[in-house]
Amino acid sequence: WEEARTGFPFVDAIMTQLRTTGWVHHLARHMVACFLTRGDLWQSWEKGAKVFDRLLIDAGATRNNNKNNIFLKKKKKNGH
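Residues numbered from 1 in each chain as written. Predicted model: local features only at pLDDT ≥ 70, side-chain atom pairs only at ≥ 80, totals over all residues. Heavy atoms only, no water.

Enquirer: How would you explain the overall build of the protein if you had to name every residue and give the values?
Expert: Looking only at helices and strands, one finds four helices and zero strands in the protein. Starting at the N terminus, the α and β elements of the protein follow one another as α-α-α-α. Relative to its full complement of 80 residues, the protein shows a buried share of 35%. Residue pairs in contact within the protein that sit at least 24 positions apart in sequence constitute 49% of those at least 6 positions apart. (Helix = DSSP H or I, 4+ residues; strand = E, 2+ residues; numbered from the N terminus. Buried < 20%, exposed > 50% of the residue type's maximum accessible area, 1.4 Å probe, protein only. Contact = heavy atoms within 4.5 Å.)

Structure representation (structure tokens):
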């Protein structure tokens, strides 16, 4: 996922853009976060947050976690 080698072209393109430019649209961020946690990978949202924090030029706990991962946290909390 982080290295853009998932085999899903859309996910890989977003992660490539993130690595090369340090930015992707918030909907793309949400898409790859959902793929990480609910797609084929079923990884913890914390792993994705660490990657976003390291690669995003506009990273920050408030911007990243509240806009992208609050949805993921709520879903996990409710058991869905």
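Enquirer: Account for the pattern of salt bridges, with residues named and values stated.
Expert: Per the stated rule, a full pass over the model turns up three salt bridges. A salt bridge links Arg5 to Glu3; the shortest N-O distance between them is 2.1 Å. Glu3 sits in the partly exposed class, given a relative accessible area of 47%. Residues Asp58 and Arg29 are paired through a salt bridge, measuring 3.1 Å at the closest nitrogen-oxygen approach. Placement of the pair is Asp58 in the loop between helix 3 (45–55) and helix 4 (61–77) and Arg29 in helix 2 (residues 26–38), with a sequence separation of 29 residues. (Salt bridge = Lys/Arg side-chain N within 4 Å of Asp/Glu carboxyl O.)

Enquirer: Give me helix 2: which residues, what numbers.
Expert: Over its 13 residues, helix 2 runs 18 Å from end to end, which matches the ideal 18 Å to within 8%, given 1.5 Å per residue. If you check which residues of helix 2 are buried, you get Ala28, Arg29, Val32, Ala33, Cys34, Phe35, Leu36 and Thr37. (Expected span 1.5 Å × (residues − 1).)

Enquirer: Break down the environment of Phe10 for me, citing the residues and quoting the values.
Expert: Among the secondary structure elements, Phe10 is positioned in helix 1 (residues 9–21). It is 9.0 Å that separates the C-alpha atoms of Phe10 and Val32, two residues lying 22 residues apart in sequence.

Enquirer: Describe in detail the packing of helix 1 against helix 2, supporting the description with residues and values.
Expert: Packed helix pairs are characterised by how far apart their axes lie and by the angle those axes make with each other. Interaxial distance between helix 1 and helix 2 falls to 10 Å at its minimum, and their mutual angle equals 120 degrees. One way to sum up the angle between helix 1 and helix 2 is to call them oblique. Read as a crossing pair, helix 1 and helix 2 show a hand that is left-handed. Contacts between helix 1 and helix 2 involve Phe10, Val11, Ile14 and Met15 on the former and, on the latter, Ala28, Met31, Val32 and Phe35. Along the lines of polarity and charge, the residues of the contact of helix 1 with helix 2 split into eight nonpolar, no polar and no charged. (Axes fitted to C-alpha atoms, helices over the stretch in contact; angles between N-to-C directions. Parallel < 35°, antiparallel > 145°, perpendicular 65-115°, else oblique. Left-handed = near helix turned anticlockwise from the far one by under 90°. Nonpolar A, V, L, I, M, F, W, Y, C, P; charged D, E, K, R; others polar.)

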